[in-house]
Amino acid sequence: LKPVKCPFAGGGGVDGTSMRRHASSRSSPSSPSSPSSLPAVARQDSRSAAAVPKAVTSLQQLAAKHAFRKPGSRGNGCSGTVLPPLVSPKRSSKSFGKEANARSRESHGEQAKEASTAVGSGPVAPEGDLCAICIQSLDDGGFFFPCGQEHRLHYACALHFLGRSLSMPSCDGVAGPLQGRWTANIRPGWRAIGLIEDCLKDATPQTVGRVICPLCRGDWPEEEKTPLATIMAQLRELSSKEQAGSASKMKEALVRIWNKFDHGVSVQQWRMFKALSALDRNLHTVTSFMHLVEESCDGVSAIILSFLRFEHVSCFSQVSSVGNKICMCAGKLRAPFARAATVRSIVSHIWATDVVSIEVVASSSSGSMRNSFTTTAADALAFDTWIRAAWRLQELTLHGLQWERIDPGGWRLQSCVANKSLRVLHLSHNCLLDPSVVRLADAMLRSPQTTKFLEVLVLDLNYITAKGLAAVLPLGKAANGIHTWGFRHNKLGDAGCGFIAEAKPKLASWDLRTNGLTAQGCFSLATVLDDMVELRLGCNRLGDAGVAHLAEGIGNKLTLLDLRHACCGEDGSQILGRALCSATSLAQLLLSGNEIGALGAESLAEGWRWLRSLQHVDLSSNNLGNDGVSRLAFQLPFWKQSPFRLSLVSVGCGIVGMAKLRAALEAHPRYDWQWTIELQNNTDGGGTDDVHQIKRLLDKFLVLEEPGSRACSKESSALACVARAFSKGSSFVGASRGTNVLRS
């Protein structure tokens, strides 16, 4: 026999020699190997092992027979284990009493555990790793039953247990509070949680006594010890996690289906086989077919190349030899719309004759802004030579290249725009100085084509002063004129506003943000404000005096007025509110980041009540408070705009203001007017219910069923699709037609 580990002794294994020697020393006529001579523990274990295979059973009996040694005896592998004297169960109970019985039960438990390990049974799982309802393993999450012992259940099992406990009748026949309401069709969701919460809110002690822990039979905790809202919040959090997991699984399934049935290898092979079969039916191969239509490809190529961008033309040129012949010329792509990160890429890969739009944008996020430092004067010279052949060029965008560094004075830049019929010229973030801008304006004024077609001139993020602005203002006096002027983040100052007033440009949009303007500049702009469509004056210290000057000159052609972070206070906002009735075309009024209070907000609200064209008002980051929001709520019934968006983010509104706004919307519903009121970052958590209720009152397509309910799921999904289509710009007729179809 090989050494075997004894399942009952505390030592190691026992070999055959020691077992035989020990058996001969213990053998006597009065103690044969009979069941009566063994202790009760040995007899119980020999009976419990009857279900084990015979080989294992005999091994256990043999090991148990020789394991109980006398005190002080030794043997190979037993490690000198000392065991208690062997006594019969009858003598044990009479001699030692309860203490001997307890010691016997403890010894039996340890021996049974070791025996189970010896026969190969796995370890018993801890109590906390199994759900007491379904007896299945628990993951990292789960619902902690509020019994104080941290017993966990599955989320669905916990809802099922709580619902059944509150719905089943008691032993004396008293019906449960949820009897008839808790059915098998209720799914584990927010509706089920709401039923349980409503039942436990006003529950009697007899009702609460129904709910006990399925593991320790512990009672439901009192409200002072563990609030009911905390327990329900745990259930709702688990419900959200389960829904998120289901959504992710659905997304993965849809992705697998999409990859398999739309872009799989088999699908592509089937499409290729179908195309080749169609060619075979016409007695053509791919090569013969392309050569047959090669003569008529010129007209097709003209249509294709009229809208393809650089990267799409590159892919189209690799389809076949004929496609390569159409899209390539002298080793360069015939791309009408070219976009790259460096000038060098444009010159090296694009055929200049067919170019309509050039867009060189050095993006700082992708690291291409560093490429602007690698652009040299040689690149500027090559670009100048290359662009002379681009006689069809209409749009030129050079952003973030710091052109002033590689071309001081703008000598190459003026030759790039000379004799070009440009519609859009975008030269932002190039560190241009006044001499470069003056030379650029002279070159464009000498070319009648440029002044005739130029519509957009953007010179943002440069170092242009009033002198450079005065040089380019004559470009707006052409027949069509420039309708978009961009001078954001320059150094124009109040003198630049004076030049604008003297030039009296045609109707256009102006971006003069971050130019160091004051009230004096606003006084100059007020004289030509009637000829402006959009005016952006944000991030300038205008003050109340500057806003008052602008209010005097506001006209009926203005559609956007941007006065964000303009140091406007109560007086300026009140004057502006009284003048808003003249801006009959105003669509956006942006006043965030100022010092407007309650009276200023009320005056503004009284002013825009007459503007049916107004769509967006931004009053965020102003100190309106509860009083200001309450005054806005008082004026809300008089607003007739649709659609309309009001931003009240971070205005210091509390519970009182939210309640007033909610009451106004309940009294004067606007759920079908396409309204949006932004109220983020206001209350400290007390008015959260009011915020959600306001959103619910304004949302036309919001389904008022509980999230866990499946009722009207198809109709709600269809209404959501109609809402998204309407928000993307679909016509009102189309949206109404979709709603009527759903109703029918």
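As the structure is a computational prediction, the values presented were derived from the model and not from experiment.

Q: Quick one: what's the story with the overall build of the protein, residue by residue and with numbers?
A: Within the protein one finds 32 helices and 19 strands. Split into buried and exposed, the 744 residues of the protein put 41% on the buried side. Within the protein, residue pairs in contact and separated by at least 24 positions form 73% of the contacts whose partners lie at least 6 positions apart. Looking at the protein as shown, the accessible area adds up to about 40500 Å², and 55% of this sits on carbon and sulfur atoms.

Q: Outline the packing of aromatic side chains, supporting the account with residue identities and numerical values.
A: One pass over the full model with this rule turns up 13 aromatic pairs. Each ring, one from phenylalanine 145 and one from phenylalanine 161, has its centre 6.3 Å from the other, and the planes form 70°; the classification is edge-to-face. With a gap of 16 residues between them, phenylalanine 145 in the loop between strand 3 (143-144) and strand 4 (152-153) and phenylalanine 161 in helix 6 (residues 155-167) connect regions that are remote in the sequence. A relative accessible area of 17% means that phenylalanine 161 is categorised as buried. Put simply, the rings of Trp608, Trp639, Phe644, Trp673 and Trp675 touch in pairs and so form one group of aromatic residues. Sitting above the plane of the tryptophan 675 ring, arginine 670 keeps its charged end 5.3 Å from the centroid.

Q: Describe in detail the environment of isoleucine 193, supporting the description with residues and values.
A: Summarising the element assignment, isoleucine 193 is placed in helix 7 (residues 190-201). The exposure class assigned to isoleucine 193 is buried, which follows from its relative accessible area of 0%. Contacts of isoleucine 193, omitting those with residues within four sequence positions, involve Tyr155, Leu159, Met232, Leu235, Arg236 and Ser239.

Q: Which residues make up the environment of alanine 233, and what values do they have?
A: Summarising the element assignment, alanine 233 is placed in helix 9 (residues 228-261). On a C-alpha basis, the gap between alanine 233 and isoleucine 193 in space is 9.5 Å, while along the polypeptide they are 40 residues apart.

Q: I'd like a rundown of the confidence of the model for the protein, residues and numbers included.
A: Averaged over every residue, the pLDDT of the protein is 74; residues scoring 70 or more account for 67%. Here residues 111-128 is a poorly scored stretch, pLDDT under 50, and it has 18 contacts once near neighbours within four places are set aside; other chains count.

Q: Now, about the pairing of strand 8 (residues 357-361): what can you tell me, with residues and values included?
A: When strand 7 (residues 337-340) meets strand 8, the two strands line up parallel, connected through four bridges. Paired with phenylalanine 337 across the two strands is serine 357, which belongs to strand 8.

Q: Any chance you could break down the state of the cysteines for me, citing the residues and the numbers?
A: Considering all chains together, one arrives at zero disulfides under this definition. Distance from the sulfur of cysteine 213, which forms no disulfide, to the nearest cysteine sulfur (cysteine 216) is 3.6 Å.

Q: Before we move on, can you summarise helix 30 (residues 688-698) with the specific residues and values?
A: Asp690, Ile694 and Leu698 are the residues of helix 30 that are buried. Seen end-on, helix 30 carries its buried residues on one side only, within an arc spanning 70°. Facing away from the buried side of helix 30 by over 90 degrees, the exposed positions are Asp689, His692 and Lys695. Against the buried residues of helix 30 lie helix 29 (655-667) and strand 19 (675-678).

Q: Can you explain helix 6? Please cite residues and give values.
A: End to end, helix 6 covers 18 Å across 13 residues, agreeing with the expected 18 Å (1.5 Å per residue, within 8%). Within helix 6, the full set of buried residues consists of Tyr155, Cys157, Ala158, Leu159, Phe161, Leu162, Gly163, Ser165, Leu166 and Ser167. Buried residues in helix 6 make contact with strand 3, strand 4, helix 7, helix 8 (205-208) and helix 9.

Q: Outline a nonpolar patch on the surface, supporting the account with residue identities and numerical values.
A: Residues Met250, Leu254, Ile257 and Phe261 make up a contiguous nonpolar surface patch of about 440 Å² in total accessible area. In this structure, methionine 250 sits in helix 9.

Q: Now, about the pattern of salt bridges: what can you tell me, with residues and values included?
A: Opposite charge on two side chains allows them to pair when their charged atoms are near. Taken as a whole and judged by the stated rule, the model has 18 salt bridges. A salt bridge links arginine 645 to glutamate 678; the shortest N-O distance between them is 2.9 Å. Of this pair, arginine 645 sits in strand 18 (residues 644-647) while glutamate 678 sits in strand 19, and the two are 33 residues apart along the sequence. Look at glutamate 678 and you get buried, because its relative accessible area is 17%.

Q: Outline the pairing of strand 13 (residues 508-511), listing residues and values.
A: With burial as the criterion, each face of strand 13 is covered, one bearing Ala508 and Trp510 and the other bearing Ser509 and Asp511. Pairing geometry for strand 12 (residues 484-486) and strand 13, over three bridges, is parallel. Paired with glycine 486 across the strands is aspartate 511, a residue of strand 13. Where the polypeptide runs from strand 12 across helix 23 (residues 493-503) and back to strand 13, its parallel neighbour, the crossover connection is right-handed. For strand 13 and strand 14 (residues 532-536), the ladder comprises four bridges, and the chain directions are parallel. Counted as the bridge partner of aspartate 511 is arginine 536 from strand 14.

Q: A description of the packing of helix 7 against helix 9 should follow, citing residues and the corresponding values.
A: Contact geometry for helix 7 and helix 9: axes closest at 10 Å, N-to-C directions at 175°. The pairing of helix 7 with helix 9 is recorded here as roughly antiparallel in orientation. For the pair helix 7 and helix 9, the contacting residues are Trp190, Ile193, Ile196, Glu197, Leu200 and Lys201 in the first and Leu228, Met232, Leu235, Arg236, Ser239, Ser240 and Gln243 in the second. Taken together, the residues of the contact of helix 7 with helix 9 sort by class into seven nonpolar, three polar and three charged.

Q: Talk me through the side chain of serine 165; I want residue IDs and the actual numbers.
A: Mapped onto the secondary structure, serine 165 falls in helix 6. According to the relative accessible area criterion, serine 165 is buried, its value standing at 14%. Polar side-chain contacts of serine 165 include one of 2.6 Å to the backbone oxygen of phenylalanine 161.

Q: A description of unusual backbone geometry should follow, citing residues and the corresponding values.
A: Here the bond from serine 642 into proline 643 is cis, since omega is -5°, no more than 30 degrees from zero. Although it is not a glycine, asparagine 419 sits at a positive phi angle of roughly 60°. Non-glycine residue lysine 504 carries a positive phi angle of around 50°.

Q: Go over the packing of helix 6 against helix 7 with me, naming the residues and quoting the values.
A: Between helix 6 and helix 7, the shortest axis-to-axis distance is 10 Å and the interhelical angle comes to 40°. As the angle between them shows, helix 6 and helix 7 are arranged oblique. In terms of crossing hand, the pair formed by helix 6 and helix 7 is left-handed. Residues Tyr155, Leu159, Leu162, Gly163 and Leu166 of helix 6 form the contact with helix 7, whose own contacting residues are Ala192, Ile193, Ile196, Cys199 and Leu200. In terms of residue class, the contact of helix 6 with helix 7 is built from nine nonpolar, one polar and no charged.

Calculation rules
- Residues numbered from 1 in each chain as written.
- Predicted model: local features only at pLDDT ≥ 70, side-chain atom pairs only at ≥ 80, totals over all residues.
- Heavy atoms only, no water.
- Helix = DSSP H or I, 4+ residues; strand = E, 2+ residues; numbered from the N terminus.
- Buried < 20%, exposed > 50% of the residue type's maximum accessible area, 1.4 Å probe, protein only.
- Contact = heavy atoms within 4.5 Å.
- Areas by Shrake-Rupley, 256 points an atom, 1.4 Å probe, with all protein chains shown as cover.
- Phe/Tyr/Trp six-rings, centres within 6.5 Å; stacked < 30°, edge-to-face > 60°.
- Lys NZ or Arg CZ within 6 Å of the ring centre and 35° of its normal.
- pLDDT = per-residue confidence, 0-100.
- Pairing = 2+ DSSP bridges.
- Disulfide = S-S within 2.5 Å.
- Arc of directions from axis to C-beta.
- Expected span 1.5 Å × (residues − 1).
- Patch = residues over 30% accessible without salt bridge, like charges linked within 9 Å, V, L, I, M, F, W, Y side chains within 5 Å.
- Salt bridge = Lys/Arg side-chain N within 4 Å of Asp/Glu carboxyl O.
- Right-handed = clockwise from strand over helix to strand, strands pointing away.
- Axes fitted to C-alpha atoms, helices over the stretch in contact; angles between N-to-C directions.
- Parallel < 35°, antiparallel > 145°, perpendicular 65-115°, else oblique.
- Nonpolar A, V, L, I, M, F, W, Y, C, P; charged D, E, K, R; others polar.
- Polar contact = N/O pair within 3.5 Å; in protein donor to acceptor, adjacent residues only side chain to side chain.
- Left-handed = near helix turned anticlockwise from the far one by under 90°.

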